[in-house]
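Structural overview
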Amino acid sequence: MSDLGPVDPGHAADAAWLRRWRLRQVGDPHTTASSTLIAVVTDDGTPAMLKIAHTEEEERGADLLAALDGHGAARVLRRDSEASLIERATGTGNLVDLVRSGRDDEATRIICGAAASIHAASDSVLGGDEPPRLIELRAWYRHLFAHGDELGPLHRRGAEFAAELLDDTRHDVVLHGDLHHGNVLDFAERGWLAIDPKGLLGDRAFDYCNLLCNPSHDRALEPGRLERQFGVVVAETGLEAGRLARWLVSWCALSSTWFVLDGDLAHAESAAAIGERALALA
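The structure presented is a predicted model; accordingly, all values stated were derived computationally and were not measured.

Counting its secondary structure elements, the protein chain contains 13 helices and eleven strands. Computed over the C-alpha atoms, the radius of gyration of the protein chain is 20 Å, within 12% of the 19 Å expected from 2.2 N^0.38 for a compact globule of 282 residues. Once the C-alpha set of the protein chain is aligned to its principal axes, its extents read approximately 65 × 40 × 40 Å. A burial count over the protein chain gives 47% of its 282 residues as buried. A sequence separation of at least 24 residues applies to 66% of the contacts in the protein chain between residues at least 6 apart. Computed over 28 positive and 45 negative side-chain charges, the separation of the two mean positions in the protein chain equals 3 Å.

Once that is clear, we can look at the packing of helix 7 (residues 142-151) against helix 8 (residues 153-166). Relative orientation of the contacting elements helix 7 and helix 8 amounts to 150°, with a least axis distance of 7 Å. Of the residues in helix 8, those in contact with Leu 144, Phe 145, Gly 148, Asp 149 and Leu 151 of helix 7 are His 155, Arg 156, Gly 158, Ala 159, Ala 162, Ala 163 and Leu 166. Class assignment of the residues belonging to the contact of helix 7 with helix 8 gives a composition of seven nonpolar, three polar and two charged.

Turning next to the state of the cysteines. Scanning all chains against the criterion turns up zero disulfides. The thiol of Cys 112 is not disulfide-bonded; the next cysteine sulfur, from Cys 209, is found 11 Å away. Cys 213 provides the cysteine sulfur closest to Cys 252, a residue in no disulfide bond, and the two sulfurs are 3.8 Å apart. Overall, the relative accessible area of 1% leaves Cys 252 in the buried class.

Right, let's talk about the side chain of Asp 63 for a bit. Within the secondary structure, Asp 63 is located in helix 2 (residues 56-68). Looking at Asp 63, the relative accessible area reads 17%, which means it is buried. Engagement of the side chain of Asp 63 in a polar contact is seen with the side chain of Arg 133, the distance being 2.7 Å. Apart from the residues lying within four places of it in its own chain, the contact partners of Asp 63 are Arg 79, Pro 132 and Arg 133.

Turning to its location among the elements, Ala 266 is positioned in helix 13 (residues 265-281). Along the chain, Ala 266 and Glu 82 lie 184 residues apart, while their C-alpha atoms are 34 Å from each other.

Next up on the list: the packing of aromatic side chains. Taken as a whole and judged by the stated rule, the model has eight aromatic pairs. Between the aromatic rings of Trp 140 and Trp 258, the centroid separation amounts to 5.8 Å while the plane-to-plane angle is 90°, which identifies the pairing as edge-to-face. Taken together, the residues Trp 140 in helix 6 (residues 137-140) and Trp 258 in helix 12 (residues 241-261) connect sequence positions 118 residues apart. A relative accessible area of 10% means that Trp 140 is categorised as buried. Summarising the aromatic geometry, the rings of Tyr 141 and Trp 247 are spaced 6.1 Å apart at their centres and angled 55° between planes, so their arrangement reads as tilted. Remark: Trp 247 occurs in helix 12 and Tyr 141 occurs in the loop between helix 6 and helix 7; sequence separation between them is 106 residues. Taken as a pair, Tyr 141 and Trp 247 share a single burial class, namely buried. Through pairs of rings, three or more aromatic residues link up here, namely Trp 140, Tyr 141, Phe 145, Phe 206, Trp 247, Trp 251 and Trp 258. Taking NZ or CZ as reference, Arg 20 lies 4.2 Å from the ring centre of Trp 17, over its face.

Quick look at unusual backbone geometry now. Cis rather than trans, the peptide bond between Asn 214 and Pro 215 has omega equal to 10°. Positive phi, close to 55°, is recorded for Ser 81, a residue that is not glycine. Relative to the helices and strands, Ser 81 resides in the loop between strand 5 (76-80) and strand 6 (83-87). Of note, Ala 188 is a non-glycine position whose phi angle comes to about 55°, a positive value. By the secondary structure assignment, Ala 188 is in the loop between strand 9 (184-186) and strand 10 (192-194).

Thresholds applied
- Residues numbered from 1 in each chain as written.
- Predicted model: local features only at pLDDT ≥ 70, side-chain atom pairs only at ≥ 80, totals over all residues.
- Heavy atoms only, no water.
- Helix = DSSP H or I, 4+ residues; strand = E, 2+ residues; numbered from the N terminus.
- Rg over C-alpha atoms; globule rule 2.2 N^0.38 Å.
- Buried < 20%, exposed > 50% of the residue type's maximum accessible area, 1.4 Å probe, protein only.
- Contact = heavy atoms within 4.5 Å.
- Lys, Arg positive; Asp, Glu negative; His and termini not counted.
- Charge placed at Lys NZ, Arg CZ, Asp CG, Glu CD.
- Axes fitted to C-alpha atoms, helices over the stretch in contact; angles between N-to-C directions.
- Nonpolar A, V, L, I, M, F, W, Y, C, P; charged D, E, K, R; others polar.
- Disulfide = S-S within 2.5 Å.
- Polar contact = N/O pair within 3.5 Å; in protein donor to acceptor, adjacent residues only side chain to side chain.
- Phe/Tyr/Trp six-rings, centres within 6.5 Å; stacked < 30°, edge-to-face > 60°.
- Lys NZ or Arg CZ within 6 Å of the ring centre and 35° of its normal.

Listed below in structure tokens is the structure:
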């Protein structure tokens, strides 16, 4: 009998993927409830990330990442079942640091560029032989529709805006679903690319809302910051300002609802506060 004790089944599964794909692990794994992420080097020396999905949402995101084939997002080098081998960001840039150094506008434009590339790939993604599983944006809003009335005026207004906007599907494209300063990374010669998509289908304006609430709620609520970055997004994307503002209110209401359901009342309040600020833009 081994003196090492029982083997953690999760670790054994990780090791099996490393052996199967002949990967050399670099550093410790990072495991959450949704996935395990391991920095690796392939047998030909390519830096990569081994991601093992633990949830259906993570698998759906991996489906979209593979279908995007590097357009605005990290490339998937190999894919099998719950495991994905993804190109690793090796550049030295960091969008949070960019904001802290006073280059907030530049960071916003970079995220807008990644979003635009993803949206532009919609026809090829949806027209492929095996299109990825995507969630329609209306389903994403189910918690706001279920709880908005009981949470307050901002949430009710956000639900009203969402219901109105979701009825118009003319602008629907493939959406990342979680674009912010921590999910767009520096891939050196490949440029700034997105990681960790949620895999949604809906109005492209939705994808620009989360970045306006980041890299933190405190930053988003600084005097004049939301209004300035909102203007940067409108200028970069050509979106109609009133439509984007209504989406932003609805997103803040949805985000606040999720925080309430998770018991995080501080972030629920700050998300709602951003939504209140966005109402003036709408």
